[in-house]
Amino acid sequence: MASALPQLTVDMRKLGRTGLVIARLAAGILLLTIPIVAQAPSTVTGFSVTLGSPPAGPRPCSDAATAGNALYIRQGATGNGSGADWTNAITTPPSTLSRGKTYCVADTTTGFGAWNITSHPASTTYTKIIKATVADHGTSTGWSDSFGDGQAVFSTSGTAAFNYGTSGGYLEINGNGSAQTCGSVAALSGGTQGCGFKFINSASGQFVMQWNGNGTHAIVRYTELQGVSGTTTGTSSETGESFGLAAWGGGFDSGVIQYSYIHNSMTNIDELGAGATVEYNYIANSRCSGGVCHPNVMYIGGGTNGLTLRYNFVKNYDAEGFFITWFSTRTGPRNVSIYGNVMYSPGTEAPRGIELRQADGSGDVNYANILIYNNTFVSLSIAGIYDRSGEAFGGSCSGCVARNNISVNANNSFTTMTQNNNTDDSTTSRFVNLSGLNFHLTAPLAGVALTSPYNLDALGNTRGADGTWDRGAYEFCSGGCIVP
Ligand SMILES: [Ca+2]
């Protein structure tokens, strides 16, 4: 995946099947050979990116089986239910998790109902819930490859399709996929969302995945979360307040959501705790219609102290995108880095990219250290970056900085923010293929050089390696970009 790529100037002509890259430092003198993950070669044709096959990644089920820590879950198994192998698999996801175990889960047939976890002993040793695949399923006893070529689905029309209702934390939910199969890279490269786990809540005003008050250091990856608002434009079928992944009251501290497809809830991510990372996700259809609802892509509230929000693709939503806000107390979100995201929402009600606003009748909320770098905002009828400090009940913003962003048909209002090298116009032709969701640039568009970790784009390209650090989510690389 992108993070594994070498952070050096790479000559694409020398990228071969041998697993070696000949890298050339800027000084042009030193030659290095660097081992990379073996995979089929990716290609760059103009700026149309074709992904290679996924690299061989971690094999958590196989590793757990080797270590003697694996338990197996398979709907319809007819053995003794001990979980010792696929024949004797557990047939219903347990409400009590055994700390440190790896639960390998087969494809479902009719689908499970809700998974409500009520007991999980506290420890910093991770417990893992892993989608079994053909390539990674642990024991072969009782296994059929037909158990590992689809999704494991959990659905409800109740409170939550997944609920973590205990305090232990350190839980990983992993659909065992790749950037090519789930999340923003797949969405923007013509892939399909083949996430290993899928949680569905078909009820209005409820939760798909709930970590309220619980779940420190949780990890969710290669997972699909589907809510109830089914339409992409026009009137949404959701009339209540529904949530995709929610962590009210301090849940999901230091949590990670990555390479996931989160869609069709009023607010798709809501109120994560301190220190969370949200990256490489495809987030779509944050929508609702009705008097009580107020759709946001991601509600970032006062519990947020430290948040990395990067490399996501956000499409089709009705109101605030990434909403920096709070109420009740004066301390709002702080220490938030938002970079390398694409937000695109033509034809929806009133989308804005990043909005900073809120207060209550007793005074303004204070936001601090909100950094907005190298994002691309397109077709957002209200705004791209929208700082509403200065309005009555607008809040106030200190250390809020916007640089190197591109807004096309998405007007910015920086108000009190520090800002430079941002583009705000209606030039859709600067993108390679807007209707095809290719937001790469057709030509350089110089921004200002920043420091690490802002020096890579979502595909792992080093910004400024060709002498020009470009604006927007994707670096323009003279001579071609490297791709996953
Ligand atoms: Ca460049």
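Treat the numbers as computed from the prediction; the structure is a model and nothing was measured.

A. Geometry of the environment of Phe-322. Here Phe-322 is to be found in strand β25 (residues 320-324). Since 30 C-beta atoms lie within 10 Å of it, Phe-322 is described here as buried. In the structure, Phe-322 is positioned 24 residues away from Met-298 in sequence and 4.9 Å away in space, judged by C-alpha atoms. Apart from the residues within four sequence positions on either side, Phe-322 is in contact with Val-297, Met-298, Ile-300, Leu-309, Ile-338 and Ile-354.

B. The arrangement of the confidence of the model for the protein in detail. Scored by pLDDT, the protein has a mean of 87; 88% of the residues are at 70 or more. For residues 1-48, every residue scores under 50 in pLDDT, and the model assigns this stretch 79 contacts once sequence neighbours within four places are set aside.

C. Inspection of unusual backbone geometry at higher detail. Between Ser-452 and the following residue, Pro-453, the backbone shows a cis peptide bond with an omega angle of 10 degrees. Along the chain, Pro-453 falls in the segment after β40 (438-441). For Asn-285, which is not a glycine, the phi torsion comes out positive at approximately 60 degrees. Structurally, Asn-285 can be placed in strand β21 (residues 282-286).

D. Structural detail: the nonpolar core. By size, the foremost hydrophobic cluster in this structure holds 124 residues, and its most contacted members are Cys-104, Val-105, Phe-199, Met-209, Leu-245, Phe-322 and Ile-324. Beyond its immediate sequence surroundings of up to four residues, Leu-245 is in contact with Val-208, Met-209, Val-220, Leu-225, Ile-257, Ile-262 and Ile-269.

E. The pairing of strand β24 (residues 313-317), seen in detail. Extensive coverage of β24 is indicated by the burial of 5 of its 5 residues. Bridge count between β21 and β24: 4 bridges; the pairing is parallel. Within β24, the residue paired with Ser-286 across the bridge is Tyr-317. One ladder, built from 3 bridges, connects β24 with strand β27 (residues 342-344); its direction is parallel. By the bridge assignment, Lys-315 is partnered in β27 with Tyr-344.

F. Broad picture of the sheet that holds strand β15 (residues 223-226). In space, the 10 strands of this open sheet follow the order β9-β12-β15-β18-β21-β24-β27-β32-β36-β38, with parallel pairing throughout. Of all the strands in the sheet, just β9 (152-156) and β38 (423-425) have a single pairing partner and so form its edges. The average undirected angle you get between the axes of adjacent strands in this sheet is 10 degrees. Relative to strand β18 (residues 261-263), β15 runs parallel, the two being bridged by 3 bridges. Of the residues in β18, the one forming a bridge with Glu-224 is Tyr-261.

G. Region of the structure containing the pairing of strand β11 (residues 171-174). Where strand β8 (residues 127-131) lies against β11, 4 bridges are found, and the strand directions are parallel. The residue of β11 that forms the bridge with Ile-129 is Ile-173.

Quick notes on the rules
- Residues numbered from 1 in each chain as written.
- Predicted model: local features only at pLDDT ≥ 70, side-chain atom pairs only at ≥ 80, totals over all residues.
- Helix = DSSP H or I, 4+ residues; strand = E, 2+ residues; numbered from the N terminus.
- Buried ≥ 20, exposed ≤ 12 C-beta atoms within 10 Å, placed from the backbone.
- Contact = placed C-beta atoms within 7 Å.
- pLDDT = per-residue confidence, 0-100.
- Core = buried A, V, L, I, M, F, W, Y, C linked by C-beta atoms within 7 Å.
- Pairing = 2+ DSSP bridges.
- Axes fitted to C-alpha atoms, helices over the stretch in contact; angles between N-to-C directions.

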